[in-house]
Amino acid sequence: ETGVTQTPRHLVMGMTNKKSLKCEQHLGHNAMYWYKQSAKKPLELMFVYNFKEQTENNSVPSRFSPECPNSSHLFLHLHTLQPEDSALYLCASSPGLGYEQYFGPGTRLTVT
Amino acid sequence: SQQGEEDPQALSIQEGENATMNCSYKTSINNLQWYRQNSGRGLVHLILIRSNEREKHSGRLRVTLDTSKKSSSLLITASRAADTASYFCATDADFQKLVFGTGTRLLVSP
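Residues numbered from 1 in each chain as written. Chains lettered and ligands numbered in written order. Predicted model: local features only at pLDDT ≥ 70, side-chain atom pairs only at ≥ 80, totals over all residues. Heavy atoms only, no water.

## Here we look at the interface of chain B and chain A
Taken together, the contact between chain B and chain A spans 20 residues of the former and 22 residues of the latter. Of the roughly 1,700 Å² buried between chain B and chain A on both sides combined, carbon and sulfur atoms contribute 53%. Looking at the side of chain B facing chain A, the largest losses of area belong to L43(B), Q96(B) and F100(B), adding up to 30% of the total buried there. Joining chain B to chain A, the criterion identifies one salt bridge. Close ionic contact of K97(B) with E56(A) constitutes a salt bridge, the shortest N to O distance being 3.6 Å. At the boundary of chain B and chain A, one finds three residue pairs in polar contact (both at pLDDT 80 or more). Sorting the residues of the side of chain B that touches chain A by element identifies β4 (31-37), β5 (43-50), β9 (85-92) and β10 (98-100) of chain B as the ones contributing at least two each. If one sorts the elements of the side of chain B that touches chain A by residue count, β4(B) sits on top with four residues. (Contact = heavy atoms within 4.5 Å. Buried area = accessible area lost by both parts, 1.4 Å probe. Salt bridge = Lys/Arg side-chain N within 4 Å of Asp/Glu carboxyl O. Polar contact = N/O pair within 3.5 Å; in protein donor to acceptor, adjacent residues only side chain to side chain. Helix = DSSP H or I, 4+ residues; strand = E, 2+ residues; numbered from the N terminus.)

## Quick word on the nonpolar core
Nonpolar side chains in soluble globular proteins generally cluster together in the buried interior. Grouped together as the largest cluster of nonpolar side chains are 22 residues, with contacts concentrated most on W34(A), F64(A), L76(A) and L78(A). If you list the elements that add at least two residues to this core, you get β2 (10-13), β3 (18-25), β4 (31-37), β5 (44-50), β7 (64-70), β8 (73-79), β9 (87-94) and β11 (107-111) of chain A. Discounting chain neighbours no more than four positions away, the residues touching L76(A) are K19(A), S20(A), L21(A), W34(A), M46(A), F47(A), F64(A), S65(A), P66(A) and Y89(A). Counting residues in each nonpolar core, the second largest holds 21 residues, with A19(B), I47(B), L74(B) and Y87(B) among its members. (Core = buried A, V, L, I, M, F, W, Y, C linked by side-chain atoms within 4.5 Å. Buried < 20%, exposed > 50% of the residue type's maximum accessible area, 1.4 Å probe, protein only.)

Structure representation (structure tokens):
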């Protein structure tokens, strides 16, 4: 888990709140990813950024808004979420697209 | 639709035994990767095997790939209690993204 950090580790928010998840990688990688992991479902890719440019949006609802200001930082802005959005949100980075990915510890999100 | 599918869904063994997990996928791939996840934590990359490779080793791990059958296997030899985790295969078909399976939950008892 070292190399990719995520904050906060746990988050409880109401449906009308706005919050942001932060991811930072210290590995000098060029690609970064957001995944959603819900119970009894495969890991779902949400967004891919390569050299700060978004290359993949996997049909994610607009209440999730990513931001990648540089190759080391990735944010996921959340607003008006639904209870079914409760999940573990994982950030990952890789040297480039098509390489092995390094994951952060995740943010456990609960929407009440 | 889901690309990788692991089998079995759950596996329970004793320390010292070998554990074998299988992964099947549906389309052509560039590479296949195996990851481990301890409960509620981030995933850890184990091995990447490219489509032109048939077998790779890393310590006690052995991965095989059969592109004609669209399947891969992960063998953990001489398992330890610390190997208890969920194991996922992930396929890269377009050098853009990984598609993960639902995983195999491995329990290694002392």
